[in-house]
Amino acid sequence: MKALLAVPALAVVAALATVLVLGNDDRAEAVGPPPTCSAPAPIAAPGDPPQPPTGGSIFGGITLSPPQISAAQTIVSTAKGLNITARGTTIALQAAMQESTLNPDAQNGNALGLFQQIQPGPYNAYVGYNPKGSPGPATRGFFTVLTKRAPGYNADPRTNAELAELVEASGHGERYAKWEPLAKALVSALFDGAAGGPLKCEDQSLKGKIQVHIRGGNVVTLPPEAGVEGDVTAASPQIAKAIAAGLSWLGTPYAWGGGDANGPTRGIHDGGVADEHGDYNKVGFDCAGLTFYSYAQAGVTLTKPSRTQLTNAKVVVPFSQAQPGDLLFWGQHHVAMYLGVAAGRHVMLEAPQSGDVVKVSNVRLGGDFRNVAARPIPGGE
């Protein structure tokens, strides 16, 4: 009987960023073409102005790249977390498309990120983070300014473009107007459970030792090698990529000191148990090497050894609040990646010990289990 993973996650649809392709058979590789997503034409609400007559909507059906869709999903999920309305989310998407073409890494002099923000910003809204490469915090900064300058934005008679200009102060507010149909299409697909039809995204597969599929950007299908059937729904495409990357090496030998950002590596001497098992002659992962590799594929650099992945974590929650992709710890010596609940049991991905292999196991709740979960990507950004 198939056990679906019951996991806490955002209900989102997004595309996965392009998978890292490495040049030898011992490394993970992309399988098939990278995914693209097409935004459906938005549903016209009563009172909406008519859309330009170009096959329905000029931007309905526009194809966006996986990174653009991932950035759009972050804007939407951040907005919902802040109780921003669909209109406010639309305004933000219009601004981000114009300012950066939905590229969190965009830079033009001192102007950075999705919204080309310049620190410290109005009301010091951009202080405390680097807007470049930080789509979640950048979005929060945008909404801070929007709600300060237009607290009644949802019923404000001004156009979306005028409200976007109120935040951006670009001097060319008319440019935001052309992105309104696309922004509405994205909000229609992402904000309220795909009211306008889901984004059409190709499946993404990741292959290390085995092939692991990601559907819709954030749903990872457990491969047969996991020993349990079901799907893992991650809070974001970025976290899904980390989960799939780790799962793609199921069955790989444990090797003490093994594993880096590119995949399994030869183990090292420990002068003890690992040497007795010949880990220094094996190519594989140890526990921290596996989690280090997995998150490196999602663009996140962790530290090693395992204990530092907890001490350096930006967000740590009780295990009762764990989400797929969170890291779990035992004493000062072991780390594993949480996957969720299958058949009533908490399960995880781990490289357990010398003589064993990368596997999916039940979470061991006793002994020196730390009873916390570290979140390498806060808020699923």
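My aim in this report is to walk through the structure given alongside it, one point at a time. A quick note: this is a predicted structure, and the numbers were derived from the prediction, not measured. (Residues numbered from 1 in each chain as written. Predicted model: local features only at pLDDT ≥ 70, side-chain atom pairs only at ≥ 80, totals over all residues. Heavy atoms only, no water.)

### Observations regarding the pairing of strand S18 (residues 369–375)
Point 1. For strand S13 (residues 315–318) and S18, the ladder comprises 4 bridges, and the chain directions are antiparallel. Pairing of Val317 across the sheet is with Ala373, part of S18.
Point 2. Pairing of strand S14 (residues 327–330) with S18 involves 3 bridges; the strand directions are antiparallel. The residue bridging Leu327 from the neighbouring strand is Ala374, located in S18. (Pairing = 2+ DSSP bridges. Helix = DSSP H or I, 4+ residues; strand = E, 2+ residues; numbered from the N terminus.)

### Let's talk about the pairing of strand S15 (residues 334–342)
Point 1. Of all the 9 residues making up S15, 8 are buried; the element is thus mostly covered by neighbouring parts of the structure.
Point 2. What sits between S14 and S15 in their antiparallel hairpin is a turn of 3 residues, with Gly331 showing a positive phi close to 50 degrees.
Point 3. In this structure, S15 lies alongside strand S16 (residues 345–350), joined through 5 bridges in antiparallel fashion. Pairing of Gly340 across the sheet is with Val347, part of S16.
Point 4. Where S15 folds back onto S16 in an antiparallel hairpin, the turn is made up of 2 residues, including Ala343, whose phi is positive at roughly 50 degrees. (Buried < 20%, exposed > 50% of the residue type's maximum accessible area, 1.4 Å probe, protein only.)

### Some thoughts on the packing of aromatic side chains
Point 1. Going through the model one piece at a time under the given rule, you end up with 8 aromatic pairs.
Point 2. With a centroid separation of 5.6 Å and 50 degrees between ring planes, the pair formed by Phe285 and Tyr293 is classed as tilted.
Point 3. For Phe285, a relative accessible area of 0% gives the class buried.
Point 4. Using a relative accessible area of 0% as the deciding quantity, one classes Tyr293 as buried.
Point 5. Ring geometry for Phe319 against Tyr338: centres 5.5 Å apart, planes inclined by 80 degrees, an arrangement best described as edge-to-face. A residue pair is termed long-range when its members are at least 10 positions apart, and Phe319 in the loop between S13 and S14 and Tyr338 in strand S15 qualify at 19 residues. (Phe/Tyr/Trp six-rings, centres within 6.5 Å; stacked < 30°, edge-to-face > 60°.)

### Observations concerning the packing of helix H6 (residues 237–247) against helix H8 (residues 287–296)
Point 1. Between H6 and H8, the shortest axis-to-axis distance is 7 Å and the interhelical angle comes to 135 degrees. Between H6 and H8, the crossing angle belongs to the class labelled oblique. Of the two elements, H6 crosses H8, and the hand of that crossing is right-handed. Between H6 and H8, the contacting residues are Ile239, Ala242, Ala245 and Gly246 on the first element and Leu290, Tyr293, Ser294 and Tyr295 on the second.
Point 2. The class makeup of the residues in the contact of H6 with H8 is 6 nonpolar, 2 polar and no charged. (Axes fitted to C-alpha atoms, helices over the stretch in contact; angles between N-to-C directions. Parallel < 35°, antiparallel > 145°, perpendicular 65-115°, else oblique. Left-handed = near helix turned anticlockwise from the far one by under 90°. Contact = heavy atoms within 4.5 Å. Nonpolar A, V, L, I, M, F, W, Y, C, P; charged D, E, K, R; others polar.)

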